[in-house]
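# Geometric and topological summary
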Amino acid sequence: MAQITPQPGIMEIALYEGGQSHVEGVNDVLKLSSNENPYGPSPDAKQAIADAIGQIHRYPNTDHLPLREAIAEVHGLDPDRIICGVGSDEIIQFLCQAYAGPGDEVLHTEHGFAMYRISALAAGATPVEAPERERVTDVDALLAACTERTRLVFIANPNNPTGTMIGGNELARLADGLPEQAILVLDGAYAEFVDGYDGGAALVEARENVVMTRTFSKLYGLGGLRVGWGYAPKPIIDVMNRIRMPFNLSELQMAAAIAAIRDRSWAVRCKAENARLRVWLAEELAALGVPSDTSLANFILARFASAAEAEAVDAHLKSRGVIVRRVAGYGLPHCLRITVGDDAGCRRVVEGVRSFRECLS
Ligand SMILES: *Cc1c(COP(=O)(O)O)cnc(C)c1O
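What counts and what doesn't
Residues numbered from 1 in each chain as written. Predicted model: local features only at pLDDT ≥ 70, side-chain atom pairs only at ≥ 80, totals over all residues. Heavy atoms only, no water. Helix = DSSP H or I, 4+ residues; strand = E, 2+ residues; numbered from the N terminus. Rg over C-alpha atoms; globule rule 2.2 N^0.38 Å. Contact = heavy atoms within 4.5 Å. Areas by Shrake-Rupley, 256 points an atom, 1.4 Å probe, with all protein chains shown as cover. Lys, Arg positive; Asp, Glu negative; His and termini not counted. Charge placed at Lys NZ, Arg CZ, Asp CG, Glu CD. Phe/Tyr/Trp six-rings, centres within 6.5 Å; stacked < 30°, edge-to-face > 60°. Buried < 20%, exposed > 50% of the residue type's maximum accessible area, 1.4 Å probe, protein only. Lys NZ or Arg CZ within 6 Å of the ring centre and 35° of its normal. Axes fitted to C-alpha atoms, helices over the stretch in contact; angles between N-to-C directions. Parallel < 35°, antiparallel > 145°, perpendicular 65-115°, else oblique. Nonpolar A, V, L, I, M, F, W, Y, C, P; charged D, E, K, R; others polar. Pairing = 2+ DSSP bridges.

## Concerning the overall build of the protein
The number of helices and strands found in the protein is twelve helices and twelve strands. Radius of gyration (C-alpha) of the protein: 21 Å, near the 21 Å computed for a compact globule of 361 residues. Considered along the principal axes of its C-alpha atoms, the protein spans approximately 60 × 55 × 50 Å. The long-range fraction of contacts in the protein, counting pairs at least 24 apart against all pairs at least 6 apart in sequence, stands at 74%. A total accessible area of about 15900 Å² is found for the protein, and carbon and sulfur atoms account for 53% of it. Placing the 34 positive and 46 negative side-chain charges of the protein at their respective mean positions leaves the two points 3 Å apart.

Written out as structure tokens, the structure reads:
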């Protein structure tokens, strides 16, 4: 059996851990570990699935045109430069598979999203990490980390798990400073939560080396359905379409995503509630001595005095049925990432942290 071995890199992949959703012995669990929309998807999306269910014996369309047109219309984009995937994770995978292999480097930030490293290793490439500046993407550090082997540079903006972001001038400076064989990938999983931010779409249109990824998993509340998309220069779209499975998305997925993106009032309300409760949650925790950077996403990164304290708070919250995310694997052992829930959910977090403090005093 010694001859039966996987491709190089694959055994270096640490399995992705999804947010925990159960606590032994607790019924009333509040899951705030995966940045899901606490209100769920638009009712129109659920109805669209019900309406499409009679056709599941039919193969889906392969070009995703109705979904691409809906996305293009809502965002003012060119449908020919959109590609749809099984979550934006699949777009990340397409990029790594198509553009990086053994001997190539895939650059990401210090506290960057875990899938960049996983997809790079799966493609046989070498993941490389650039330092951040106080939990913020550092363009100079990324440029300094580039070599003639760098093929892809991933940044999430806003980033997960830090919640921070950099501005348009910095993004353009990064795109312009990359070596000529490298693609800048702007992961916009949380772009919908930021006022006046296009996720990098205009930069994609103005450059030949920029790709944007987006998802229906966060603001649109469809994490369980698995739909994401990318926006890229036409030559890069043509490359990705060659490795995309023809039937990667079902009609149910596409129908629900179309209905979700067309229900603007649901999206606007979810975004406004998130913004309001994010500020409230951050202020209440700060008053309890738990600071966080200003977040632009649907979670906050709460900082504790030590890794031991973060672990103890996590255990205490869990005992009360509140599940948040430990982020030691992201190089942030003294932090907890807490999804902004609904009113009652945010109150439960604050009460949990307050009672932890009271237990100590
Ligand atoms: C949640 C998330 C994604 C989205 O993943 P999907 O595959 O679309 O569900 C992508 N990037 C980041 C940074 C995320 O946090």
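## Some remarks on the packing of aromatic side chains
The relation between two aromatic rings is expressed through the spacing of the ring centres and the mutual angle of the planes. Tallied over the full model, the rule gives seven aromatic pairs. For the ring pair Y59 and F247, a centre distance of 4.7 Å and an interplane angle of 50 degrees mean the geometry is tilted. Of the two residues, Y59 sits in the loop between α1 (43–52) and α2 (65–75) while F247 sits in the loop between α8 (234–243) and α9 (251–262), which places them 188 residues apart along the sequence. Assessed through its relative accessible area of 66%, Y59 is described here as exposed. The class of F247 is partly exposed, set by a relative accessible area of 40%. If you follow R337 out to its NZ or CZ, it ends over the ring of F299, 5.7 Å from the centre.

## Things to note about the packing of helix α10 (residues 264–287) against helix α12 (residues 343–360)
If you want to describe how two helices pack, look at the angle between their axes and the distance between the axes. At a minimum axis distance of 10 Å, the contact between α10 and α12 shows a crossing angle of 10 degrees. In terms of orientation, α10 and α12 fall into the roughly parallel class. Judged by residue contacts, E273, R276, L277, W280, L281, E284 and L285 of α10 engage D343, C346, R347, V349, V350, V353 and R354 from α12. Split by residue class, the contact of α10 with α12 holds eight nonpolar, no polar and six charged.

## Here's the deal with the sheet that holds strand β7 (residues 210–215)
In a beta sheet, neighbouring strands are held together by backbone hydrogen bonds and run either parallel or antiparallel to one another. The strand order across the open sheet formed by seven strands is β2-β8-β7-β6-β5-β3-β4, and the pairing between neighbours is mixed. Strands with a single pairing partner mark the edges of an open sheet, and in this sheet they are β2 (82–85) and β4 (126–130). Taking the axes of each pair of neighbouring strands and ignoring which way they run, one obtains an average angle of 25 degrees across the sheet. Note: strand β3 (residues 105–109) against strand β5 (residues 150–156), four bridges, orientation parallel. Within β5, the residue paired with L107 across the bridge is V153. Packing of helix α4 (residues 114–122) onto the sheet brings it into contact with β3, β4, β5 and β6 (183–187), and relative to β3 it is tilted by some 175 degrees. Running over the sheet, helix α6 (residues 168–177) touches β5, β6 and β7 and is turned about 155 degrees from β6.

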